Amino acid sequence: MNLKFTAIAALSLVFVLPVPSLFAQGTLPPAMKAQKADYCLQCHQTLAGVSGIAVSEWKKSIHAKSDDNCNICHGGNPDLNDKKAAKDARYFFAGKGGKYNAVSLCGRGGCHFSAVGLFTSGPHYDMLLKKGKPGCVDCHGAHEVVRPRVKFINPQMCTTCHPEGEVEKTIVSLESIEKKLDDVQRNADYLISKNAESRDILAKLADARNLYRQLVHVMSMREVRHTRREIELQLDDLLAKSHSRVLIIRRLDIIYVVTIALSFLVVVVFMIFTVRTFSRSRD
Ligand code: HEC
Ligand code: HEC
Ligand code: HEC
Ligand code: HEC
């Protein structure tokens, strides 16, 4: 009986639930691939105002580089050169996504499932649904999406809900983690360039980076208390380890250069000595 009931309940839910709940559940299918010209782009790049600016901003983004065009997020049918038909509900056009854009646009078809999963489990997702922020676009932007940095976060957006001092503290702490990640990465790159052992460091760096992404995307009290400390401990350890390996290689480099210089000096001295002895014996 239970099975039958669940099936009926599920079916009726599918028909009764309004479209936004589909968005909220992240069940939007992946975008269609353009068969011919991509008419979303073609039409929009001739438009004035926000409709056209979207194109020029998108062109500078990571998504443009990987050919992830307008419909990868918005949905719609890029093969139709008609603004209404292209956006028919059949093609799961999501418009601007409204308060569900984190899931319906950024999470369409399973894209960014990790960031979306973390974010929707944190307190900021409730806020996004209730107050319209903070969402993915508040930190990453919508169209000019580039490699994310803490400095993209606008503290004024955060201070509408948190005291200024706390926001400042959070940003300073995120920046300090970001700097350590960069420093360990730089050391690892140096070790790679010298063919030195770096796999263990790269693996642990990836772990720390994943924890950092968890912290930034969940951003709950628990994350800030526990995960942040865990990341800092891991990174301090990695910094020390990678730094000492870099120092050893630099020292070996110095010994190498000094040895070459000394050998060269010995040869020169020997040559001078030989020439002098030779010319003296001729006199
Ligand atoms: C023939 C021209 C044309 C085509 C093709 C077209 N659009 Fe549009 N689009 C427009 C215009 C004009 C607007 C401005 C609003 C309006 O007039 O409906 C717009 C508005 C939008 C908006 C803003 C919606 C809102 O709620 O504010 C989005 C997002 C969008 N288009 C994405 C797309 C995507 C994705 C495609 C391809 C699947 C596409 N467009 C295809 C002309 C077009
Ligand atoms: C990476 C995902 C992504 C891509 C790719 C993308 N958009 Fe958007 N777009 C968004 C999001 C998210 C919003 C909603 C922004 C917000 O709510 O502040 C949006 C908003 C818009 C709007 C409404 C702007 C406004 O201020 O009202 C238009 C128009 C639009 N997009 C058109 C396009 C066009 C045209 C392209 C292709 C060049 C495109 N988008 C590519 C994610 C994307
Ligand atoms: C409070 C600001 C903030 C919000 C809100 C936010 N992000 Fe991020 N995101 C960041 C920062 C900072 C990084 C950089 C992490 C790093 O340096 O590795 C990042 C990294 C990422 C990355 C690259 C790393 C990865 O996890 O794959 C993706 C993709 C991403 N975010 C997607 C999203 C999506 C989707 C949302 C909304 C569901 C979102 N972000 C919400 C700040 C934010
Ligand atoms: C619309 C309101 C709102 C905005 C905007 C907002 N937050 Fe929050 N934030 C909250 C709520 C609510 C919680 C959960 C508080 C709790 O669990 O006690 C939270 C939790 C946090 C936490 C966990 C620690 C704590 O104080 O609970 C941090 C850190 C945080 N937010 C930072 C930020 C940052 C940085 C920004 C700007 C990118 C931001 N918030 C924007 C409402 C907001």
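Above this note sits the structure.
Everything numeric in this text was worked out from a predicted model, so none of it was measured.

Procedures and definitions
Residues numbered from 1 in each chain as written. Chains lettered and ligands numbered in written order. Predicted model: local features only at pLDDT ≥ 70, side-chain atom pairs only at ≥ 80, totals over all residues. Heavy atoms only, no water. Donors = N, O, S within 2.8 Å, 3.2 Å for Na, K, Ca; no water. Tetrahedral: all angles 85-135°; square planar, octahedral: opposite > 155°, others 65-115°. Helix = DSSP H or I, 4+ residues; strand = E, 2+ residues; numbered from the N terminus. Buried < 20%, exposed > 50% of the residue type's maximum accessible area, 1.4 Å probe, protein only. Axes fitted to C-alpha atoms, helices over the stretch in contact; angles between N-to-C directions. Parallel < 35°, antiparallel > 145°, perpendicular 65-115°, else oblique. Left-handed = near helix turned anticlockwise from the far one by under 90°. Contact = heavy atoms within 4.5 Å. Nonpolar A, V, L, I, M, F, W, Y, C, P; charged D, E, K, R; others polar. Near = heavy atom within 4 Å. Polar contact = N/O pair within 3.5 Å; in protein donor to acceptor, adjacent residues only side chain to side chain.

Q: So what's going on with the coordination of the iron atom of ligand 3? Residues and values would help.
A: Distances from the iron atom of ligand 3 to its protein donors, His140 (NE2) and His217 (NE2), fall at 2.0 Å. Seen from the iron atom of ligand 3, its 6 donor atoms lie at angles of 87 to 178°, and the figure they make is octahedral. Of this pair, His140 sits in helix H10 (residues 136-140) while His217 sits in helix H13 (residues 199-218), and the two are 77 residues apart along the sequence. In this structure His140 comes out as partly exposed when scored by relative accessible area, which is 29%.

Q: Please set out the packing of H13 against helix H14 (residues 221-282) residue by residue, giving values where relevant.
A: Running from N to C, H13 and H14 point in directions that differ by 155°, and their axes come no closer than 10 Å. Between H13 and H14, the angle is such that the two are roughly antiparallel. Between H13 and H14 lies a crossing whose hand is left-handed. Contact with H13, carried on its side by Asp200, Ile201, Lys204, Leu205, Asp207, Ala208, Leu211, Tyr212, Gln214, Leu215 and Val218, involves Glu223, Val224, Thr227, Arg228, Glu230, Ile231, Gln234, Leu235, Leu238, Lys241, Ser242 and Arg245 of H14 and no other residues of that element. Partitioning the contact of H13 with H14 into residue classes produces 11 nonpolar, 4 polar and 8 charged.

Q: Quick rundown of the site of ligand 1? Include the residues and the values.
A: Near ligand 1, the surroundings consist of 19 residues, among which Cys40, Cys43, His44, Lys83 and Lys87 are the closest. One of the side-chain nitrogen or oxygen atoms of His44 is found 2.8 Å away from a nitrogen atom of ligand 1. Contacts to ligand 1 include Lys83, whose side-chain N or O atom sits 2.8 Å from an oxygen atom. For the shell around ligand 1, the elements supplying multiple residues, two or more each, are helix H3 (39-44) and helix H6 (70-74). In terms of residue count, H3 provides more of the shell around ligand 1 than any other element does, 4 residues in total.

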